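# A closer look at the structure
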Amino acid sequence: MTAEDGHDGAQYLAGSPVRVAILRALRDDPRRPAELTDAVDATRTTVQRILAGFRERDWVVKRDAAYRVTPTGERVHDAYETLLREVERADRYGRFAATVERVGVDFPGDGIPDSELTVASDQNPLAAVDRLTELLRESSGAEIRAVSPVVLQQFNEAAAAALDGGASVELIIDRDVADASVAEFEPATDRALDDDDAEVYVSAEPIEYGLFRCDDIACVTAYDERNNPRCVLESTDEAVVDWVDEAFETLRADAARLSSVVERV
């Protein structure tokens, strides 16, 4: 078989959702044409035509009035399902990569395949916020390092709960976030200034992405143009962990303590 033959076969299978559904159904169990008609919601004529195409390609054989996949058909099915998963994964992670690249973040792409991704959607626009809040609340008693380009009540409450549970927190924000915290979240600002387990630093430069680091977990949060959290990439991959640690240290080295930036009334 040539590469062109393989391309033609892939194009044939991908050209119809019904073909994929039939091969998937036969991968599970041998079936008669009438059973396939019910299983994939297609006409008998369509099913028979597709089965004939599969037989021409040696993907299925007919035995005792039922069709079953051949070893070749199994490989074709499994490879196609793997391709679908990879395309879906690339779409999800591609959006994360494009968002962080937009703000000039040189993220290590090698760490992406072994990472988990939480993505906000129209159905769940707060998915990224909820995941970060959950991570904070789960970090009681741990050392937390974080970077945030926004101030949100959910984050403040989760950080307070973590501090109450014995955590220590180092947080880097920018001047806009510091000003918003003073104006809108005075109790949280007071705690950041008074709690010995909380250290807040203010970057002179705008921050356009988020970081979270606790135990063996490292996270990078991508924000949209309106500063809404869109994607949280969560990983224990060494490349990602090292990158997050280095990025945090670099930002902290150029930041000032909150106490030297804000004035208390």
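See the structure above.
This write-up is about the structure you can find in this document. Predicted model only: the values in this text are computed from it and were never measured.

### Here's the deal with the nonpolar core
Phe96, Phe107, Leu211, Val220, Leu233 and Trp243 are the most contacted members of the largest nonpolar core, which totals 28 residues. Breaking this core down by element, the ones donating at least two residues are α5 (71-102), β3 (116-119), β7 (209-214), β8 (217-223), β9 (229-235) and α10 (238-253). In terms of residues, this core owes the most to one element, α10, which gives seven residues. Once you skip the residues sitting within four places of it in the chain, Trp243 turns out to touch Val105, Asp106, Phe107, Pro108, Tyr209, Leu211 and Val220. Counting 20 residues, the second-largest nonpolar core is a separate cluster that includes Ala158, Ala162, Ala198 and Tyr223.

### Some details on the sheet that holds strand β4 (residues 143-147)
Read from one edge of the open sheet, eight strands run β3-β9-β8-β7-β4-β5-β6-β10, paired in mixed fashion. The open sheet has two edge strands, β3 and β10 (255-257), and neither has a second partner. Neighbour to neighbour, the strand axes of the sheet diverge by 15° on average, direction disregarded. When strand β6 (residues 198-203) meets β10, the two strands line up antiparallel, connected through three bridges. Paired with Ser203 across the strands is Ala255, a residue of β10.

### Considering the pairing of β4
Here β4 runs beside strand β5 (residues 168-174); their pairing, made up of five bridges, is parallel. Looking at the pairing, Glu143 lines up with Ser168 of β5. The β-α-β motif built from β4, the intervening helix α7 (residues 153-164) and the parallel element β5 has right-handed crossover chirality. Bridge count between β4 and β7: four bridges; the pairing is antiparallel. By the bridge assignment for β7, Val147 is matched with Leu211.

### Some points on the state of the cysteines
A full pass over the atoms with the stated rule returns zero disulfides. Free cysteine Cys214: the closest other cysteine sulfur is in Cys219, separated by 9.4 Å. Summary of cysteine pairing: Cys231 is not part of a disulfide, and the nearest cysteine sulfur, belonging to Cys219, is at 13 Å. Assessed through its relative accessible area of 3%, Cys231 is described here as buried.

### Notes on α7
In this model α7 runs 16 Å from its N-terminal to its C-terminal C-alpha over twelve residues, within 8% of the 16 Å that 1.5 Å per residue would give. Within the sequence span of α7, burial applies to Phe155, Ala158, Ala162 and Leu163. On an axial view of α7, the arc spanned by its buried residues comes to 140°, and they lie on one face. Lining the buried residues of α7 we find α6 (127-137), β4, β5, α9 (186-194), β6 and β8. Just beyond α7, the residue with positive phi is Gly166, at close to 100°.

### A look at the side chain of Ser139
As for its position among the elements, Ser139 is in the loop between α6 and β4. Excluding residues that lie within four positions of it along the chain, Ser139 makes contacts with Ile144, Ala167, Phe212 and Cys214.

Quick notes on the rules
Residues numbered from 1 in each chain as written. Predicted model: local features only at pLDDT ≥ 70, side-chain atom pairs only at ≥ 80, totals over all residues. Heavy atoms only, no water. Core = buried A, V, L, I, M, F, W, Y, C linked by side-chain atoms within 4.5 Å. Buried < 20%, exposed > 50% of the residue type's maximum accessible area, 1.4 Å probe, protein only. Helix = DSSP H or I, 4+ residues; strand = E, 2+ residues; numbered from the N terminus. Contact = heavy atoms within 4.5 Å. Pairing = 2+ DSSP bridges. Axes fitted to C-alpha atoms, helices over the stretch in contact; angles between N-to-C directions. Right-handed = clockwise from strand over helix to strand, strands pointing away. Disulfide = S-S within 2.5 Å. Expected span 1.5 Å × (residues − 1). Arc of directions from axis to C-beta.

The values are spatial; any link to function lies outside them.
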